[in-house]
Protein chains: 2
Amino acid sequence: MSSPTVLTIAGSDSGGGAGVQADTKTIQVHGCFATNVITALTAQNTVGVQGVHEVPSDFVKRQMESVLSDLPPKAMKTGMLASSSIIRAVIEQLRYTYAESERMPPIVIDPVMISTSNHTLLPSDAIGELCFGLLPLARVITPNIQETELLLRCLRAGKANQHHSNVKVGELVKEQEAGQGDRIQSIQHMISAGQEIADILQAEHLTVLVKGGHLPMSKEALKSSLRDVAKGAEVVWKGESNGADVEQEGFVEVLHAYRSQATDQRSNSEEEKYVVDVMVEADSRIKLFVAPAIKSASTHGTGCTLSAAIASNIALGKSISDAISEGIAYTQNAIISSEPKGEGHGPLNHGHISVRRALPVPSNNNPHPFVSHLLRSTAVEWQSYVKHPFVQQLGRGKLDPEAFRHYIIQDWHYLRNYARAHSLGAYKATSFAEIQAFSEISLHIARESEMHVEFCKSFGVSLQDLENARESPANSAYSRYILDIGVQGDVTELLVAVFSCLLGYGEVGLYLQRKLEDGSGEVKLEGNRYKRWIQDYSGTDFQDAVKRGIRTLEKRIEEDPPSPARLARLTKIWSDCVKLEAAFWQMGLDKS
Amino acid sequence: MSSPTVLTIAGSDSGGGAGVQADTKTIQVHGCFATNVITALTAQNTVGVQGVHEVPSDFVKRQMESVLSDLPPKAMKTGMLASSSIIRAVIEQLRYTYAESERMPPIVIDPVMISTSNHTLLPSDAIGELCFGLLPLARVITPNIQETELLLRCLRAGKANQHHSNVKVGELVKEQEAGQGDRIQSIQHMISAGQEIADILQAEHLTVLVKGGHLPMSKEALKSSLRDVAKGAEVVWKGESNGADVEQEGFVEVLHAYRSQATDQRSNSEEEKYVVDVMVEADSRIKLFVAPAIKSASTHGTGCTLSAAIASNIALGKSISDAISEGIAYTQNAIISSEPKGEGHGPLNHGHISVRRALPVPSNNNPHPFVSHLLRSTAVEWQSYVKHPFVQQLGRGKLDPEAFRHYIIQDWHYLRNYARAHSLGAYKATSFAEIQAFSEISLHIARESEMHVEFCKSFGVSLQDLENARESPANSAYSRYILDIGVQGDVTELLVAVFSCLLGYGEVGLYLQRKLEDGSGEVKLEGNRYKRWIQDYSGTDFQDAVKRGIRTLEKRIEEDPPSPARLARLTKIWSDCVKLEAAFWQMGLDKS
């Protein structure tokens, strides 16, 4: 249950869709713990950026110190780094903390340099610092196509010059903005660029993910590209069947045929486009992640989200390749499942991989969340059951012996069916442990039936009387209900159906015991003809069975947390049984 | 599925446990969308605050403008507001955006003024601005006991003076720090203070939640306090039974008895303490939320988390009272379920109300997440089934007629059991719609059995032959497996067990149809003695049944999302059936 720490170093987006906000949300829903080093504040919304407040680089450094010294991350990511002095501060603090570089946790670097509209977001000196100072520390870098081009320009120039400071980054940016020089226009180009970046950086472990979102292609172009691509590349199709091609591995006729009916018109359209993200690993293994291009206005913060998801997956112990593959799927689904927000490019739906728990986790404050839920949801019915007049009169020894006689005759019949319900549980079990637990209860009830016969004798009821008696309606209603639920549902439903009797008699036993001890005189054993009954249910044997019952149910629920719909079904069964139990006492009183 | 926007206006905690980070995490896991206005940056960790960078008030205002103009919140909260100029900026921007004050969304104000160690966190002029400027806009305020004392000092002084600017806040702070004047030392004091604050502010809708975390009390003190408290107050026990007292409503003997065994020693200890949060509503209704005091080092960001949870619950449409009650439970469980992090006061576990989805939500990209998951998890077995040599030979018309004869005899027996499995489904159904759907399939199969007999005749198999034939082992293995799963599990498990046959034959039908049309000659109808078989399964009737089957399963899964354990069980059933289907073809080929 441990949640590893993931540090994000990025700007703040007041609009909540990008920056540390997107990162924090992504990291949180991945089950990790997010820490934040903020490099800049923006006054921003879905329409645009209305203001920027840069954070002094020494305060960036101070934040780095605070989090790295006390909350060591399992993975890190960087986003918008704003200035060369901030990048230097980040590098210095990383080098200071991780003097032995092999102990540095993996960093995912999203080189936020060029916007979708081909606008350069970083000053030239910061771009140089990023390329020559920060990239060599990276475990994963996630440039888009334009950023890949610019990185490559810089890295090539760095390689050609004796010293990085000789590289005229400003001129390279101008060339990039003017569209001069080599441009990436195909999957093959993306692969080559990724390989060259990895080559120049000579990092032992570096994975370059060239994001192809800015290079959508038609189905035909995709197919011919895939044919031309080096044999070694593995093609990973993201999203079901994709309607891409029957040749693709894992193509399923039925899903392809029904996909268009389940989705909107877009997927049938002739113009469907595909995007490919190219992953180049340090050992030159290549993976192509292919997915239909998504038409959506909810794309603000896509790059932040992807890199934060990759960092989270790494922190969770996944391989780099899996971390990227799952990060891409997470981000795509976050776009697809988003709802419109704001006037411009809206945020992603970061929460799509979570569902709200129907029940809280067990805690010291609430160690039995399921049983507590059942009891709270039937508070009134529960009291009517466990403090029924039959119980009160029995405790005082004032219960009409004829009423009790009627009750124990019916109880004998009930117990036979109650044993059968547990045998049905054993039939439905999937493990020997479960078979054993159910069988032990059946066996126990069957054996105890002889004692029940003895007990009945003391009230003038013979075995003959027991066998001749007909099941009363209240008895049939209850015991046959349990058996029917047992057949109809799964083991958990069966366990809930038999639980009301177990927990209720346990409660009655303890309640009578406490009243016996509190000196109120409401319950007494002396001269009470029902003494043995009271002692049986307040005794250790029965109470231990109650404990086991509570534990078994809570364990099942913890291992298989129910959805709200399933919890509602279980609660309905419980509520029915509590009422049927009260009616069973009433049957005794009424001798009906 | 809409996620309402919640705005938090607060400081940033680089350590991720408090401030906008705690707020954003809390808002996210509540299913809301967080926007952030950052008032100050802190370099902070679990040990302390190592640095503060205050944000210029005009940049706070700019952030307010950006988010309020484009992303209107359903609720807001404020945390650390740092300075009087920032508070003024917040007030001005709220007044500007919501010129008609009744249209302003509810604001929860956590008046971050005094730390646990009784250290004043705001300058005097900011405290004045908060009391006289911001509080009148509040829907809910959540002061701790010291803050309640200071707020009351200021508000009383404000009432006594003609103008707020005459109030000497600095002197009041000194009195507070020196412990002079009225102190809150009991539940009754908390109630009176809350009432007086509401009184002075004269807000039509204002709820004051006086947090009692700094005033833990023994069980005896609690009991006597509760006796003394005005009759009108409603007592709400948070956490199961609490072990507080048998007199409390909803006390359950069995849970009380077993609580100590399920929890740590603390709950048995004589020293167990209780804390009470007092809620005073504008109409003077009072609720006391009582819970055992939690001993934990993971309390950093408790106030931020509570106020963010309350704001989220309000945004989700809950009443103020429910929003507070659920917010308290959320925050307590977040403390209780936290794991140690850092050297000092660690963060809460914000994610405890979420579980990771075992399956993605349906989307355009992946409209059949459950069926896709099943197919992906059995990719190899699935291909062995639907492209079995039996199918290939049948498509070419080259299948040994004796093999086919053996197969259709067994298939007749299989279909009888397959129909029974659907009748079992009808027995297990909970709605007429479901009974109808299952019954229609049973009926359809039973009716078609006559056509099956006709079809068999054309292969020289009489009804007599069918009835005399014994079930082959492969047939028994498969059909009896389905029936057993049907009895053992619930309706979803049964549906998965019958689904492999439906989806597989649908796939085979479409696959043969496509091969027929692609001109490869791999499948032909002319002169193919199995023509009718191919046409039956590729035909509209059967394919419509496949579509219905996919829809039914996906709908069930969407309405009742499985936990990972449950998904594993369903996947196991599917995988077993896919292999049993392949063995069924093989049985035909082998005439075994």
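Definitions and limits used
- Residues numbered from 1 in each chain as written.
- Chains lettered and ligands numbered in written order.
- Predicted model: local features only at pLDDT ≥ 70, side-chain atom pairs only at ≥ 80, totals over all residues.
- Heavy atoms only, no water.
- Axes fitted to C-alpha atoms, helices over the stretch in contact; angles between N-to-C directions.
- Helix = DSSP H or I, 4+ residues; strand = E, 2+ residues; numbered from the N terminus.
- Parallel < 35°, antiparallel > 145°, perpendicular 65-115°, else oblique.
- Left-handed = near helix turned anticlockwise from the far one by under 90°.
- Contact = heavy atoms within 4.5 Å.
- Buried area = accessible area lost by both parts, 1.4 Å probe.
- Salt bridge = Lys/Arg side-chain N within 4 Å of Asp/Glu carboxyl O.
- Polar contact = N/O pair within 3.5 Å; in protein donor to acceptor, adjacent residues only side chain to side chain.
- Buried < 20%, exposed > 50% of the residue type's maximum accessible area, 1.4 Å probe, protein only.
- Pairing = 2+ DSSP bridges.
- UniProt positions renumbered as here; feature names shortened; annotations may be inferred.
- Core = buried A, V, L, I, M, F, W, Y, C linked by side-chain atoms within 4.5 Å.
- Least-squares fit on C-alpha atoms with pLDDT ≥ 70 in both.
- Domains from an automatic or database assignment.
- Nonpolar A, V, L, I, M, F, W, Y, C, P; charged D, E, K, R; others polar.

This part is about the packing of helix H15 (residues 401–428) of chain A against helix H16 (residues 432–457) of chain A. Residue and element names in this part refer to chain A. At a minimum axis distance of 8 Å, the contact between H15 and H16 shows a crossing angle of 160°. As the angle between them shows, H15 and H16 are arranged roughly antiparallel. The element H15 and its partner H16 pack so that their crossing is left-handed. The residues of H16 that touch H15, namely those facing Phe-404, Ile-408, Asp-411, Trp-412, Leu-415, Tyr-418, Ala-419, His-422, Ser-423, Gly-425 and Ala-426, are Ile-435, Phe-438, Ser-439, Ile-441, Ser-442, Ile-445, Ser-449, His-452, Val-453, Phe-455 and Cys-456.

So, about the interface of chain B and chain A. Listed as interface residues are 118 residues of chain B and, on the opposing side, 118 residues of chain A. Summing both partners gives a buried area of about 9600 Å² for chain B against chain A, and 56% of it is carried by carbon and sulfur. The interface formed by chain B and chain A holds 4 salt bridges in total. Asp490(A) is the partner of Arg566(B) in a salt bridge, and the nearest nitrogen-oxygen pair spans 4.0 Å. For the pair chain B and chain A, the number of links is 44 residue pairs in polar contact (both at pLDDT 80 or more). Ranked by residues supplied to the side of chain B that touches chain A, first place goes to strand S2 (residues 33–44) of chain B with 9 residues.

On to the pairing of strand S11 (residues 286–292) of chain B, then. Residue and element names in this part refer to chain B. For S11, a buried count of 7 out of 7 residues is recorded, marking the element as mostly surrounded by other parts of the structure. Side chains of S11 alternate between two faces, with Ile-286, Leu-288, Val-290 and Pro-292 and Lys-287, Phe-289 and Ala-291 buried alike. In the sheet, strand S9 (residues 234–237) pairs with S11 via 4 bridges, with the strands oriented parallel. For Val-235, the partnering residue across the bridge sits in S11 and is Leu-288. Sheet topology note: the strand S10 (residues 273–280)/S11 ladder contains 7 bridges and is antiparallel. By the bridge assignment for S11, Met-279 is matched with Lys-287.

For the rest of this paragraph, the subject is the UniProt feature "domain: Pyridoxamine kinase/Phosphomethylpyrimidine kinase" (unreviewed entry) in chain A. Within the UniProt annotation, "domain: Pyridoxamine kinase/Phosphomethylpyrimidine kinase" (unreviewed entry) is assigned to residues 13–155 and 270–349 of chain A. Across residues 13–155 of chain A, the secondary structure splits into 43% helix and 20% strand, with the terminal C-alpha atoms separated by 30 Å.

Leu94(A), Val278(A), Leu94(B) and Val278(B) are the most contacted members of the largest nonpolar core, which has 150 residues in total. What Leu94(B) contacts, discounting residues up to four positions off in sequence, is Met64(B), Leu68(B), Met76(B), Met104(B), Ile107(B) and Leu137(B).

This part is about the relation of the copies chain B and chain A. By a simple turn and slide, chain B fits onto chain A: the slide is 0.0 Å along the axis, the RMSD is 0.1 Å, and the turn is 180°. Overall, the copies show the geometry of a two-fold rotation axis. Comparing interface residues between copies, 100% of those in chain B also lie at the interface in chain A; the contact surface is shared.

The next subject is the environment of Leu121(A). All names here are of chain A. Counting through the fold element by element, Leu-121 comes out in the loop between strand S5 (107–109) and helix H4 (124–134). Residues Leu-121 and Leu-81, spaced 40 residues apart in sequence, show a C-alpha to C-alpha distance of 9.8 Å. Once residues within four sequence positions are removed from consideration, Leu-121 is found in contact with Met-80, Val-112, Met-113, Ile-114 and Ser-115.

Residue and element names in this part refer to chain A. When cut into domains, chain A gives domain 1 (5–341 + 357–367) and domain 2 (370–590). Taking only C-alpha atoms, the centre of domain 1 and the centre of domain 2 are 59 Å apart. Counting from both sides, the interface comprises 5 residues of domain 1 and, opposite them, 10 residues of domain 2. Around 530 Å² of area is buried between domain 1 and domain 2 when both sides are counted, 68% of it from carbon and sulfur atoms. It is Ala-358, Leu-359 and Pro-362 that lose the most area in domain 1 upon contact with domain 2, and together they represent 72% of the buried surface on that side. One can count 0 salt bridges joining domain 1 with domain 2. Taken together, the links from domain 1 to domain 2 amount to 0 residue pairs in polar contact (both at pLDDT 80 or more). Split by residue class, the side of domain 1 that touches domain 2 holds 3 nonpolar, 1 polar and 1 charged.

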